[in-house]
Amino acid sequence: MTRLRGRLLVLQVLVIAMIVVLVVRLWQVQVVQGSRFVTVATETRTREVRVPALRGAILDSSGRPLVRNRTTLVVSVDRGRLERMQDGGDAVLRRLSAVLKVPLSKLKQEIRACGPGISRPCWPGSPYTPIPVASNVNPRAALQILERQEDFPGVTADIQAMRDYPNGKDAAQLLGYLQPVTQSELEKREGLKADYSGVDLTGRDGLERTYDSALRGAPGLRNVQVDRMGKVITVNQQSDPVPGDVLVTSIDANVQRIVEKSIDQAIREVPNSDGAAAVVLDIKTGRVIAMASRPTYDPKVWTGGILEKDYRRLLSDKSGKPLVSRAIAGEYAPGSTFKISSASAMIADGEPCTAPTSARVPTTSRAGRTRTRAA
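Residues numbered from 1 in each chain as written. Predicted model: local features only at pLDDT ≥ 70, side-chain atom pairs only at ≥ 80, totals over all residues. Heavy atoms only, no water.

Undergrad: Summarise the side chain of Ser 262; cite the residues concerned and give the values.
TA: Checked against the element boundaries, Ser 262 lands in helix α12 (residues 253–269). Polar side-chain contacts of Ser 262 include one of 2.8 Å to the backbone oxygen of Ile 258. (Helix = DSSP H or I, 4+ residues; strand = E, 2+ residues; numbered from the N terminus. Polar contact = N/O pair within 3.5 Å; in protein donor to acceptor, adjacent residues only side chain to side chain.)

Undergrad: Lay out helix α5 (residues 104–111) with the relevant residues and their values.
TA: Within the span of α5, buried status applies to Leu 104, Leu 107, Glu 110 and Ile 111. The arc that holds every buried residue of α5, seen down its axis, measures 120 degrees, which confines them to one face. Contacts from the buried residues of α5 go to β3 (65–77), α3 (79–83), α4 (90–100) and β4 (131–134). (Buried < 20%, exposed > 50% of the residue type's maximum accessible area, 1.4 Å probe, protein only. Arc of directions from axis to C-beta. Contact = heavy atoms within 4.5 Å.)

Undergrad: Outline the packing of α4 against helix α6 (residues 139–147), supporting the account with residue identities and numerical values.
TA: Look at α4 against α6: their axes get within 9 Å of each other, and the N-to-C directions meet at 150 degrees. Classed by the angle they form, the pair α4 and α6 counts as roughly antiparallel. Across from Leu 96, Val 99 and Leu 100 in α4, the residues of α6 making contact are Ala 141, Gln 144 and Ile 145. Among the residues making up the contact of α4 with α6, the classes are represented as five nonpolar, one polar and no charged. (Axes fitted to C-alpha atoms, helices over the stretch in contact; angles between N-to-C directions. Parallel < 35°, antiparallel > 145°, perpendicular 65-115°, else oblique. Nonpolar A, V, L, I, M, F, W, Y, C, P; charged D, E, K, R; others polar.)

Undergrad: Outline the packing of α4 against α5, supporting the account with residue identities and numerical values.
TA: Axes are the key here: two packed helices are described by the angle between their axes and the distance separating the axes. Two numbers describe how α4 lies on α5: the axes approach to 9 Å, and their chain directions differ by 120 degrees. Between α4 and α5, the crossing angle belongs to the class labelled oblique. Every pair of crossing elements has a handedness; the one defined by α4 and α5 is right-handed. Of α5, the residues touching α4 (which contributes Asp 90, Leu 93, Arg 94, Leu 96 and Ser 97) are Leu 104, Leu 107, Lys 108 and Ile 111. Looking at the contact of α4 with α5, its residues break down into five nonpolar, one polar and three charged. (Left-handed = near helix turned anticlockwise from the far one by under 90°.)

Undergrad: Outline the nonpolar core, listing residues and values.
TA: If you look at the biggest cluster of nonpolar residues, it comprises 23 residues, and the most contacted ones within it are Val 75, Leu 96, Leu 100, Val 133, Ile 145 and Val 155. When residues of this core are assigned to their parent elements, the largest contribution, five residues, is made by α4. Those residues in contact with Leu 96, other than ones at most four positions away along the chain, are Val 75, Val 77, Leu 107, Val 133, Ile 145, Phe 152 and Val 155. Of all hydrophobic cores here, the second largest spans 18 residues; its members include Ile 58, Leu 247, Ala 253 and Met 291. (Core = buried A, V, L, I, M, F, W, Y, C linked by side-chain atoms within 4.5 Å.)

Undergrad: How would you sum up the state of the cysteines? Please name residues and give values.
TA: Counted according to the given criterion, the structure contains one disulfide. Each sulfur of the disulfide joining Cys 114 and Cys 122 lies 1.8 Å from the other. Taking the torsion about the sulfur-sulfur bond, which here is approximately 100 degrees, the covalent link between Cys 114 and Cys 122 counts as right-handed. Classification of Cys 114 by relative accessible area gives partly exposed; the value is 29%. (Disulfide = S-S within 2.5 Å.)

Undergrad: Before we move on, could you go through the packing of aromatic side chains and cite the residues and values that matter?
TA: This model, assessed by the stated rule, comprises two aromatic pairs. Summarising the aromatic geometry, the rings of Tyr 177 and Trp 302 are spaced 3.8 Å apart at their centres and angled 5 degrees between planes, so their arrangement reads as stacked. Taken together, the positions of Tyr 177 in the loop between α7 (172–175) and β6 (178–180) and Trp 302 in the loop between β12 (288–294) and α13 (308–315) put the pair 125 residues apart, joining distant regions of the chain. With centroids separated by 6.3 Å and ring planes inclined at 85 degrees, the aromatic side chains of Trp 302 and Tyr 311 adopt a geometry described as edge-to-face. The class of Tyr 311 is partly exposed, set by a relative accessible area of 27%. Cluster of aromatic residues (ring-pair linked, three or more members): Tyr 177, Trp 302 and Tyr 311. (Phe/Tyr/Trp six-rings, centres within 6.5 Å; stacked < 30°, edge-to-face > 60°.)

Undergrad: So what's going on with the side chain of Asp 170? Which residues, and what values?
TA: Along the chain, Asp 170 turns up in the loop between β5 (155–164) and α7. Despite its burial, Asp 170 remains without a salt bridge, the nearest opposite charge being carried by Arg 257 at 4.5 Å. Residue contacts for Asp 170: discarding those within four places in its chain leaves Leu 175, Gln 256, Arg 257 and Glu 260. (Lys, Arg positive; Asp, Glu negative; His and termini not counted. Salt bridge = Lys/Arg side-chain N within 4 Å of Asp/Glu carboxyl O.)

Coordinates in, geometry out; function isn't part of it.
Rendered as structure tokens:
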């Protein structure tokens, strides 16, 4: 009996000691460290969402669009969040594959980081931003993803603006193309993170690159509160994005179309010809009215991410390196350029003329400033 009472006494002491430890720890968490945990909890529930600005259009001298924007439903994946899951996000990608009707292997290719030995499609941008995996998504599929966030953590669907080229291949090298900002660029170039939102695209060639800062605009910022599933509860603070400037060039879309057709016809008529270039100038001002190069390509191949086979074709010698503009980067023997002084007369007759490759393209932004850059 005495032994039993001793055991009960020891048990009571242990229980009281545990209660005291719990009370002390609770006092430390709520009183001593309360403010720190409140801050951590607030930061966990708060998200900063960058809202990309609408990129400015590129117009010809009469206001006709050479490059414009179109809206489309885009599904994006947060690769970092998937990688923190036990299965690496494989189950989420499988469900997403079934909804989008896109092969699982293609989704995995889209979200992997580009690097040595990795063929396209891959993601060349920052790994800390949502990666677009599908565009022109069916609204029903997008709604299914948004309504079932518990099945699709790290997956979003929203409306985004994408580049559209109403004139097809016309002036492809002159206009240039867009690509995401790479992580290495963000790390190497000081101040670049302040200028780019991480979801922005940057001009890589042509006018898109020359006037990138004016066309890009300024991204907006939304500070939102989310629940544990990532759903937005409320918006704490919001600043609207500033659209990019509209760029008005000296290019005449009608003359450009005539030049494109003329050099295609010239290539067909000259045996064994593998390329051509043409530039039309205004003899009074020196402005470039049209500029074309062959071989060329369809700039839509860059929209939504370029495939490896298309990327290799643009750079291959066999296809004539369509990415390179022969009008400004071609090397020709002396006397190989045919010059006509009466350029305006040739344009009026619907015939193209060529000009020296040192021509310059004056352009005007929406603010009315006139800038001149080498074509």
